[in-house]
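Here are the chains, one letter per residue:
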Amino acid sequence: MYSYEWDVQTGGLLINSSPLSFSKEPRPVYYKELDILGFNKYWNYEKNDIYPYMWAEANNYWYRGRLVAKTKGGSLYSAPELIIVDEPEPNNAPLRFVDIPKMVEKNKDILEKITQETIKKVYNTYVDYQDKVDVFYVAFSGGKDSIVTLDIVQRALPHNKFKVLFGDTGMEFPDTYDAVNKIEKKCQEQGIEFIRAKSKLSPCESWKMFGPPATVTRWCCSVHKTAPQVLTLRELTGKTDFTGMAFIGVRASESLSRSEYDYVSLGEKHKGQYNCNPILEWNSAELYLYIYSNDIFLNEAYKKGNRRAGCLVCPRAAEKNDYIARVWYTEEFDSLINMIKEMYSKSFSSNKELDDFIANGGWKARKNGRDIDVEMNYNEYSMNGYDYIKINKPKSTWKEWIKTVGVLLNDKSPYKIMYRNYQYEFYVDEEDENIEVKYSSSLPKENPLFIKLLKNVFRRTACCVQCRECEADCPYGCITMKNGELNISDKCIHCSQCHKVEKGCLVYKSLEMPKGGLKMSTNKSLNCYSHHAPKIEWFNQYFSYKNEFDEKHSLGSQMYSFFKRFLRDAELLNANGFSKTARVVDKIGLDDSASWAIILTNLAYTPQINWAIKRLHVNETYNKDYTLSLLISDGAKESWVKDIWSSFSRVLELPFNEVGLGFPIKEKNKLVSIMRTPWQNPDPRVVLYSLYKFAENCGGYYQFTLSRLLNHEIDSDGVSPTEIFGIDRKQMERILSGLSVNYPEFITVSFTLDLDNITLRDDKTSQDVLGLF
């Protein structure tokens with residue numbers, strides 16, 4: 001990826017051999033985009049798209065090396081605000097086209113070098129992998145990146161040695177279908193096989209079954225793209241266990257996550273399948289220069305101001321992009337938006353509220369099925385030492401799905417199953433259109449993986465719509481879904497690859513109902529600190545440098561970022577820097593358990609630590625597999641849980657283990673279990689502090705009972721000190737009695753006539769309590 005600069009002479013770009021660490025992704029701007037955004041009210045230009053007029057970097061518009069305009073905001077139904085910065089031409093003279101031929105000529109030598117290097121890498125990859133791969137293919141989308149990738153590959157390889165595979169989601173831009181048709185015709189002329197893969201489910205059907213796609217629940221890619229492509233390639237190769245290599249137009253400069261991709265990877269999407277990213281190191285300046293230099297067809301969607309050419313309505317698209325796409329493709333766009341409105345209609349009291357919600361992209365943040373009008377027929381609960389699953393109107397048969405887990409040893413309830421050389425028992429009661437499943441509550445601790453798979457079986461039983469993702473995930477072809485019938489081969493080896501979908505079923509994951517009791521928010525998750533939880537050395541630096549920590553610390557950038565988040569969560573850092581809480585902790589000292597108890601009290605209101613306090617009971621041991629299964633059950637992504645476990649390992653090395661959070665149990669220096677133990681000698685002032693935090697988070701709930709504090713089943717925003725520190729009733733009574741004697745200006749208690757009333761002074765705060773240290 002090389003640097004680029006504006007060329008005043010041509011109005012274009014000049015690339016040079018200097019490396020570029022970050023690209024602003026410049027793109028050409030044609031007259032149709034100028035018209036849509038309202039530039040025609042200010043500037044004079046010919047309505048001709050033979051060449052672009054200028055370039056855009058994000059929301060900034062550049063004309064012959066000068067910033068001339070910006071856009072700001074915008075939503076689905078309203079155009080972004082247009083801000084004119086400078087006049088592109090004096091006296092409103094007509095805009096000049098970018099001199100594309102001259103720009104191409106100026107960049108000829110360096111672009112040829114980039115191109116030849118890329119072609120050589122593609123050819124060498126083909127040579128290195130031709131004996132390992134059954135089929136080479138270009139994963140084609142109709143966008144600019146895949147069009148360039150296709151051109152590179154067809155220059156590098158014989159045309160009969162690879163294929164082009166278009167994954168038709170049924171939701172593409174209309175201009176994309178035109179582009180695909182043109183490219184397909186050209187491939188036919190060049191002797192390149194062009195294949196289309198498409199789900200049997202139409203978008204209209206799938207959206208009503210799964211609910212609208214969202215940023216978190218992006219089931220659409222699997223259902224409408226990945227699974228159909230894998231199944232199509234199986235038919236093409238005649239192999240269920242084929243090995244393919246996809247040439248994909250992914251570029252590192254497009255996003256942070258893509259910047260971490262490898263040139264060639266194995267199993268990125270499906271086990272045993274290779275991905276090669278030929279233009280991974282290209283930026284958009286190089287990409288467009290290649291398109292213009294080689295006279296490659298450019299999807300008309302880009303000339304209309306669309307930055308992307310994927311699905312027409314996408315939860316990852318910015319609101320400005322939504323506006324432009326809807327203006328150009330109103331009928332097709334609104335048909336999908338109207339489905340979203342229909343499914344959310346019952347959650348809003350007025351059409352205006354619903355319209356505002358849609359316009360501002362609120363639907364994109366959906367994490368579950370709570371707010372949409374799609375029925376969930378599956379429920380889990382526990383009672384009297386058993387865990388239960390209830391299903392109403394199952395969509396498939398559990399006895400077929402159970403074959404993916406193990407071998408049933410009998411044919412009546414209680415059922416016995418052989419799973420990886422161990423025998424387990426569960427009950428199934430089937431009556432009319434209802435199924436009730438029951439198993440011992442001890443089983444999840446005994447073998448959490450088995451219970452995960454068992455739940456997956458019944459989630460599929462309840463929800464399966466034969467989207468065929470599981471069929472595509474099975475590398476041995478043991479799952480078939482034809483004519484509405486599910487069949488699992490008796491040759492299934494129980495490899496669990498078909499269970500890799502989070503929560504076992506894409507429909508279930510999209511529609512599951514949220515569980516209460518955990519502190520979650522739109523900008524926080526259970527994976528608060530990734531695997532970068534803090535070390536004691538970091539605390540020592542922070543308390544040593546205080547407000548000079550930013551300049552003097554020795555942490556890496558990721559460590560620094562996550563540690564600052566941890567400090568803010570612990571209330572040791574605020575907008576002014578070293579906070580009042582931090583000053584109190586500094587005064588007490590990090591070698592005093594009271595300091596860590598204060599910090600733990602504050603962390604009890606953040607997702608990850610709140611989860612540990614709520615879910616891991618005192619004096620119980622939790623092994624890794626069981627803890628990870630609990631995390632997944634409570635909403636953590638399966639891709640997160642190892643990072644969360646790693647984070648716990650770090651946190652429990654801190655003195656939190658002395659004040660009730662838990663002790664790490666390690667084998668060969670790796671965390672294998674967590675055991676929570678109570679704070680043996682609680683500092684009464686910390687307990688008082690936590691009581692005020694409890695009251696404040698309960699909305700000013702300054703009078704309560706000890707029985708209320710000891711009842712941890714109540715869904716509450718406040719976290720009781722008995723739950724944080726593992727304090728029992730007898731010890732709590734002693735602490736409260738002492739507090740009422742020593743600090744009557746803060747608290748009064750009464751333990752008479754079976755009453756256990758606690759009253760905090762409502763003119764005091766938790767911050768006031770810190771003044772007692």
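Residues numbered from 1 in each chain as written. Predicted model: local features only at pLDDT ≥ 70, side-chain atom pairs only at ≥ 80, totals over all residues. Heavy atoms only, no water.

Participant: Help me understand helix α7 (residues 219–237) in this model?
Facilitator: An α-helical segment advances 3.6 residues per turn. Residues three or four places apart therefore align on the same side. Over its 19 residues, α7 runs 26 Å from end to end, which matches the ideal 27 Å to within 8%, given 1.5 Å per residue. Along α7, the helix axis deviates most sharply at T226, where the bend reaches about 30 degrees; the proline P228 sits within four residues downstream. With 14 of its 19 residues buried, α7 lies for the most part within the structure. (Helix = DSSP H or I, 4+ residues; strand = E, 2+ residues; numbered from the N terminus. Expected span 1.5 Å × (residues − 1). Bend = angle between axes of the 7 residues up to and from the residue. Buried < 20%, exposed > 50% of the residue type's maximum accessible area, 1.4 Å probe, protein only.)

Participant: Is there a simple way to think about a nonpolar patch on the surface in this case?
Facilitator: A cluster of nonpolar side chains, V407, L409 and M418, forms an exposed patch at the surface whose accessible area comes to about 230 Å². Secondary-structure assignment places V407 in strand β16 (residues 407–408). (Patch = residues over 30% accessible without salt bridge, like charges linked within 9 Å, V, L, I, M, F, W, Y side chains within 5 Å. Areas by Shrake-Rupley, 256 points an atom, 1.4 Å probe, with all protein chains shown as cover. Salt bridge = Lys/Arg side-chain N within 4 Å of Asp/Glu carboxyl O.)

Participant: Would you mind showing me how to read the pairing of strand β29 (residues 757–760) here?
Facilitator: A regular strand carries its side chains on alternate faces of the sheet. The alternating pattern of β29 places I758 and L760 on a buried face and N757 and T759 on a face that is not buried. Examined bridge by bridge, strand β27 (residues 703–705) and β29 share three bridges and lie antiparallel to one another. From the neighbouring strand, Q703 faces β29, where its bridge partner is T759. Bridging between strand β28 (residues 747–750) and β29 involves four bridges; their strand directions are antiparallel. Residue pairing across strands places T748 opposite T759, the latter belonging to β29. (Pairing = 2+ DSSP bridges.)

Participant: Sorry, what's going on with the sheet that holds strand β12 (residues 264–266) here?
Facilitator: Whenever strands of a sheet pair, they do so through backbone hydrogen bonds, lying parallel or antiparallel. Read from one edge to the other, the open sheet built from six strands follows the order β10-β9-β8-β11-β13-β12, with strand pairing classed as mixed. Edge positions in the open sheet fall to β10 (193–198) and β12, since each of these has one partner strand only. On average, each strand axis in the sheet is tilted by 30 degrees relative to the strand beside it, whichever way the strands run. In terms of strand pairing, strand β8 (residues 135–140) meets strand β11 (residues 244–247) through four bridges, oriented parallel. Paired with V135 across the bridge in β11 is G244. Where helix α5 (residues 174–190) meets the sheet, its contacts fall on β8, β9 (163–168) and β10, and the angle it forms with β10 comes to roughly 145 degrees. (Axes fitted to C-alpha atoms, helices over the stretch in contact; angles between N-to-C directions. Contact = heavy atoms within 4.5 Å.)

Participant: Is there a simple way to explain the packing of aromatic side chains in this structure?
Facilitator: The description of an aromatic ring pair uses the distance of the two centres, along with the angle that the planes make with each other. Counted under the stated rule, the structure contains 48 aromatic pairs. In this structure an aromatic cluster arises from ring pairing among W538, F539, Y542, F543, F549, Y560, F563, F566, F578, W596 and F656. Over the face of the ring belonging to Y129 we find K132, whose NZ or CZ atom lies 4.8 Å from the ring centre. Between K438 and the ring centre of Y386, over which it is positioned, the NZ or CZ distance is 4.5 Å. (Phe/Tyr/Trp six-rings, centres within 6.5 Å; stacked < 30°, edge-to-face > 60°. Lys NZ or Arg CZ within 6 Å of the ring centre and 35° of its normal.)

Participant: Before we go on, may I ask you to explain helix α11 (residues 330–344) in this structure?
Facilitator: For α11, which comprises 15 residues, the first-to-last C-alpha distance of 21 Å matches the rise-based estimate of 21 Å (1.5 Å per residue) to within 8%. Taken residue by residue, α11 has F333, D334, L336, I337, M339, I340, K341, M343 and Y344 as its buried positions. If you follow the buried residues of α11, they end up packed against α6 (203–210), α10 (319–328) and α12 (351–359).

Participant: How should I be thinking about the nonpolar core in this particular structure?
Facilitator: Within soluble globular proteins, side chains that are nonpolar generally end up buried alongside one another. F539, L572 and F656 are the most contacted members of the largest nonpolar core, which has 84 residues in total. Looking at which element gives the most residues to this core, the answer is helix α26 (residues 684–697), with eight residues. When near neighbours in sequence (up to four residues on either side) are disregarded, F656 contacts F566, W596, I599, L600, L603, V651, L661 and G662. With 72 residues, the next largest nonpolar core counts I402, I435, F450 and V501 among its residues. (Core = buried A, V, L, I, M, F, W, Y, C linked by side-chain atoms within 4.5 Å.)

Participant: Which parts of the structure should I look at to understand the pattern of salt bridges?
Facilitator: Close approach of charged atoms allows side chains with opposite charge to pair. Applying the stated rule across the entire model yields 43 salt bridges. Between E184 and R196 there is a salt bridge; the shortest N-O distance is 2.7 Å. Residue E184 is found in helix α5, and its partner R196 is found in strand β10; the two are separated by 12 residues along the sequence. Its relative accessible area of 19% is what places E184 among the buried residues. Judged by its relative accessible area of 34%, R196 is partly exposed. Close ionic contact of R761 with D763 constitutes a salt bridge, the shortest N to O distance being 2.9 Å. On the basis of relative accessibility, which here comes to 38%, the residue R761 falls in the partly exposed class. In this structure D763 comes out as partly exposed when scored by relative accessible area, which is 47%. What emerges from the salt-bridge pattern is a single network uniting E25, K144, D145 and R251.

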